[in-house]
Amino acid sequence: MSTSGQSSQNVWVGIDIGGTFTDFVVCSSSDQSLPLQRFKILSTPADPAEAVLQGLARLSHHPGRHIVHGSTVATNAILERKGARTALITTKGFRDVLLIGRQNRPDLYDLFPVIPPPLVPREWSFEILERVDCEGNILTPLQEQDLVSILEMFRREAIQSVAVSFLFSFVNPAHEQWVTARLRDEGFFVTGSSEILPEFREYERTSTTLVNAYVSPVLDAYLGRLEREIKPTEFHIVQSNGGRISVAQARGHGVRSILSGPAGGVVGARYLAGLAGFTRILTYDMGGTSTDVALVNETIHVTTEAKVGGNPIRVPVIDIHTVGAGGGSLATVDAGGNLRVGPQSARAQPGPVCYGRGGTIPTVTDAHVVLGRLPTDGFLGGRMRLNVEAAQQAFDELSQQMVLTPRSGLDIRQTLALGMIQIANVHMERALRVISLERGEDPRETVLVAFGGAGGLHACDLARALGIPHVMVSPMAATLSALGMLAADVQLDYVQTVMLPGSTPMEILEQSTLPLVDQGQEDLHREGVDPDQWVLSRTVDVRYVGQSFDLAVPLTSKFHEEFHRIHHARYGYSQTETPIEIVNVRVRAVGHVTPPTIPTRPLGAADPTVAKWEDRPVVLPQGMQAVPHYWGTRLCPGHEINGPAILVLDDTTVYLGPTDHAAIDTYSNILIKVGATDG
């Protein structure tokens, strides 16, 4: 599975940092028959590298250690506003492009919208007199002396990183290239918009450039520390588009790895679902802090319309919708006495109350403990015992802030905990609707692939609400994002704005992609990918003349017809008589790698008695009931289980409702046929 030569001692490690746990998946490239090693370490939010180093210290030493990492460092730098001290240089007259933005209203009827301020304060936004027109002609030569006074200000303000974004530099980058070269000579970290995003729309281009300048020095320092202490043979980072790149390239392109953790989950889910025979899936990743959902219809859908912390980023990212609902989501009571769940999270420190690490506010995980759906002596394979008494006390304290009548047959704690689960489910159901129905896809025609530490406890209820007939839970569900890191191909994306009429001959369109193709081949060679594994594809961004948005269409002789078809599928109509125009050309360069081998076992008897643990009281929608519990490690291919039931795996738990039916396939996946109702 290497992109280059391997020794007999090679070991590959996939690492995913989450808000609560940092996950590790380890496999041997020299002996694919060896089982995958998987484990979790509590994350260290104050210093994410600590958890990574702790986990790697548990591994035996191997001369060939290859790391594929999904990092939250760039994401946290934006969300927590802890990036580098960054300045912006732009064309005279465009200093306030980030403040002006698009004037869009996120909430149409909110009379007092709160717009996050730009990452750079206005006093650190500078202008240089220069001007290039939309065809690349120089109207006003660059006034090089303007940079002298700006450099003095940079040193006075201890600026570390600079974003340079000139008007129409995507057509003619000469002025921008001169300024970036001069700034680099002065020792600054510099991002030029023509390097990171040679695409029109000055607001989004400037925002993306600034985000890259803001997060890359932080990511560079983090990766540099890991490289020094780990000394890996190879070190790759997973990008937001689901592909991996070498750390050497990732250090200067931090914006491309902002959503790398969730992207790894989608890649891993698609890989395992494909092995099981499913190509149309909804991925559902519920971790400790948030839930990420995505739609995969044979291929993973990538978008360039994403926002992180209120900042648009136009680089390709997997189309993932995230909500602040996870196992660590906190329960609060609002001013009206209503129960709310999330988006605030207990994270790894202090964590849920039942962890016994200082938490006092009940979380979704605590709710499952109180309901009996999360065995206190089976968590993490029994290595971490949960404190049910502390969780119950936290619910007692929360109930005192509300006027609440217990459900028939339940006490006040159980009623409150059941309400928490229902509220969290509503948040996650809404996310699944956004990523499916709002994309023109019917969720009833998909399989819900549930993963993340908490996903199995909610998956059947969510599938039932959406009419999804089947749920798949892998035995590697809790570490699936880390597995996805190892399954990710090398993938690089390139774009260039061209603004050509739809009648442009194919020869000219193909010729306009040649510089991007050459760059892709050069970068794949630099990544060490065998040319036999290269795949380069071309697409065009197309729109009807007069539209402000566009759609990506494969560049073939029939791209006109394909655009009309995609437009109709997405928006419910098409206008075949209206002229179209090509906005951008894109090239994706992929270098295929061999993913980890997932072992299979033959199907056996249906009777799961050998995996039975014991019957325990569990709160169901109908009330308290004795429910059979099964050890996940003892479940074998062929076993079938009727709900209600609790399946206790080493690092996740699956809840089957009374009308659900589970069967174990040859990959040891839990395939669940979801009943229409739980009564």
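Heads up: the structure comes first, above all this text.
Residues numbered from 1 in each chain as written. Predicted model: local features only at pLDDT ≥ 70, side-chain atom pairs only at ≥ 80, totals over all residues. Heavy atoms only, no water.

### Examining the pattern of salt bridges
Consideration 1: What the rule picks out here adds up to 35 salt bridges.
Consideration 2: As a salt-bridge pair, Arg102 and Glu204 come within 2.9 Å of each other at their nearest N and O atoms. One end of the pair, Arg102, is in the loop between helix H3 (97–100) and strand E6 (125–128); the other, Glu204, is in helix H7 (residues 202–230), with 102 residues separating them in the sequence.
Consideration 3: On the basis of relative accessibility, which here comes to 42%, the residue Arg102 falls in the partly exposed class.
Consideration 4: Measuring nitrogen to oxygen at the nearest pair gives 3.1 Å for the salt bridge that ties Glu229 to Arg225. One end of the pair, Glu229, and the other, Arg225, are both in helix H7, four residues apart, so they sit about a helical turn from each other. (Salt bridge = Lys/Arg side-chain N within 4 Å of Asp/Glu carboxyl O. Helix = DSSP H or I, 4+ residues; strand = E, 2+ residues; numbered from the N terminus. Buried < 20%, exposed > 50% of the residue type's maximum accessible area, 1.4 Å probe, protein only.)

### Structural notes on the packing of helix H1 (residues 48–57) against H7
Consideration 1: In contact at an axis separation of 11 Å, H1 and H7 are set at 25° when each is read in the N-to-C sense. Classified by the interaxial angle, the pair formed by H1 and H7 is roughly parallel. Crossing geometry of H1 relative to H7 is assigned as right-handed. In contact with Pro48, Ala49, Glu50, Val52, Leu53 and Leu56 of H1, H7 contributes Tyr222, Arg225, Leu226, Glu229 and Ile230.
Consideration 2: The class makeup of the residues in the contact of H1 with H7 is eight nonpolar, no polar and three charged. (Axes fitted to C-alpha atoms, helices over the stretch in contact; angles between N-to-C directions. Parallel < 35°, antiparallel > 145°, perpendicular 65-115°, else oblique. Left-handed = near helix turned anticlockwise from the far one by under 90°. Contact = heavy atoms within 4.5 Å. Nonpolar A, V, L, I, M, F, W, Y, C, P; charged D, E, K, R; others polar.)

### Points about the nonpolar core
Consideration 1: Grouped together as the largest cluster of nonpolar side chains are 106 residues, with contacts concentrated most on Tyr284, Leu448, Val471, Ile670 and Ile672.
Consideration 2: Looking at this core element by element, the count peaks at 10 residues for helix H12 (residues 412–436).
Consideration 3: Excluding residues that lie within four positions of it along the chain, Ile670 makes contacts with Val471, Met472, Val473, Leu647, Leu649, Val654, Ala662, Ala663 and Ile664.
Consideration 4: Grouped together as the second largest cluster of nonpolar side chains are 49 residues, Leu223, Val490, Val553 and Ala589 included. (Core = buried A, V, L, I, M, F, W, Y, C linked by side-chain atoms within 4.5 Å.)

### A look at the pairing of strand E5 (residues 86–91)
Consideration 1: For E5, a buried count of six out of six residues is recorded, marking the element as mostly surrounded by other parts of the structure.
Consideration 2: As judged from the five bridges shared by E5 and strand E9 (residues 161–165), these two strands associate in the parallel manner. The residue of E9 that forms the bridge with Thr86 is Ser161. (Pairing = 2+ DSSP bridges.)

### Remarks on the sheet that holds strand E30 (residues 623–631)
Consideration 1: Pairing within the open sheet is mixed, and its four strands lie in the order E29-E30-E32-E33. A single partner strand is all that each edge strand has here, and the edge strands are strand E29 (612–620) and strand E33 (653–656). Adjacent strand axes in the sheet meet at a mean angle of 25° when their direction is disregarded.
Consideration 2: When E30 meets strand E32 (residues 645–648), the two strands line up parallel, connected through three bridges. Residue pairing for E32: His629 is matched across the bridge by Ile646.

Keep in mind that these numbers describe shape and distance, not what the molecule does.
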